[in-house]
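Each chain, letter by letter, is given below.
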Amino acid sequence: MSTAAGGGPRFDLPEPDAFTRPYWDAAAEGRLLIRRCGACGAAHHYPREFCPRCWSEDVTWERASGRATLYTWSVVHRNDLPPFGARLPYVAAVVDLAEGPRMMTEVVGPGAQEPWIGMGLEVAFRAAGEFAVPVFRAA
């Protein structure tokens with residue numbers, strides 16, 4: 001949990017560390033990063049310091065295309081944690097990135113309230129304090 005500039009708690013703000021800082025800095029600039037393994041070639045997300053497929057530590061940051069396909073979703077009608085209550089209802093989703101990994105996110109914008117499996121999506125970014133969080137909208 002983080003604290004907003006106004007002093008109240010916020011449950012949507014990232015808490016970067018030295019390892020994840022490049023990811024959050026890129027998101028603030030409108031770029032989505034993933035990790036790719038130099039040993040087996042697999043891409044993965046969420047960012048880890050090793051490949052979850054072959055356990056190699058030869059992983060590097062790579063810019064993702066920002067294209068994705070909706071895998072599954074749920075329309076959230078109740079969430080008491082700040083600031084989610086102000087966004088109700090919203091669409092929590094899992095998407096398949098064009099590069100292969102799955103990612104938890106939110107679907108926003110026109111068409112968000114009528115999602116369908118296989119829906120083409122593109123990344124967008126929601127301001128979150130000094131950072132930005134990747135969300136997806138209909139392509």
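Predicted, not measured: the structure shown is a model, and the values here were computed from it.

### Let's talk about the sheet that holds strand 7 (residues 90-97)
Here 5 strands make up a closed barrel; going around it, the order is 6-7-8-10-9 and the pairing mixed. When strand polarity is set aside, the average angle formed by the axes of neighbouring strands in this sheet is 45 degrees. With 2 bridges connecting them, strand 8 (residues 102-108) and strand 10 (residues 131-138) associate as parallel partners. Along strand 10, the bridge assignment pairs V107 with F136. In the packing of helix 1 (residues 21-28) onto the sheet, contacts are made with strand 8, strand 9 (120-128) and strand 10, and the angle to strand 10 comes to roughly 60 degrees.

### Section: the pattern of salt bridges
Taken as a whole and assessed by the stated rule, the structure comprises 9 salt bridges. Look at the salt bridges and you will find they share partners, linking R10, D12 and R87 into a network.

### Quick word on helix 1
What helix 1 keeps buried is the set Y23, W24, A26 and A27. Relative to the axis of helix 1, the buried residues are bounded by an arc of 160 degrees and lie together on one face. Looking at the buried side of helix 1, the elements it contacts are strand 3 (33-37), strand 5 (59-63), strand 8, strand 9 and strand 10.

### Observations regarding the pairing of strand 8
Put simply, side chains in a regular strand alternate between the two faces of the sheet. Of all 7 residues making up strand 8, 5 are buried, and the element is well covered by its neighbours. Relative to strand 8, strand 7 runs antiparallel, the two being bridged by 6 bridges. Opposite A92, over in strand 8, you have E106 as the bridge partner. In textbook terms, the turn of a hairpin is the stretch between consecutive antiparallel strands, and for strand 7 and strand 8 this stretch comprises 4 residues, one of which, G100, has a positive phi near 120 degrees.

### Here we look at the nonpolar core
By size, the foremost hydrophobic cluster in this structure holds 22 residues, and its most contacted members are L32, V95, L97, L121 and F136. Listed by contribution, the elements that provide at least two residues to this core are helix 1, strand 3, strand 6 (67-76), strand 7, strand 8, strand 9 and strand 10. No other element matches strand 7, which puts 4 residues into this core. With near-sequence residues (within four places) excluded, L97 lies in contact with L32, I34, R67, A68, M103 and F136.

Quick notes on the rules
Residues numbered from 1 in each chain as written. Predicted model: local features only at pLDDT ≥ 70, side-chain atom pairs only at ≥ 80, totals over all residues. Heavy atoms only, no water. Pairing = 2+ DSSP bridges. Helix = DSSP H or I, 4+ residues; strand = E, 2+ residues; numbered from the N terminus. Axes fitted to C-alpha atoms, helices over the stretch in contact; angles between N-to-C directions. Contact = heavy atoms within 4.5 Å. Salt bridge = Lys/Arg side-chain N within 4 Å of Asp/Glu carboxyl O. Buried < 20%, exposed > 50% of the residue type's maximum accessible area, 1.4 Å probe, protein only. Arc of directions from axis to C-beta. Core = buried A, V, L, I, M, F, W, Y, C linked by side-chain atoms within 4.5 Å.

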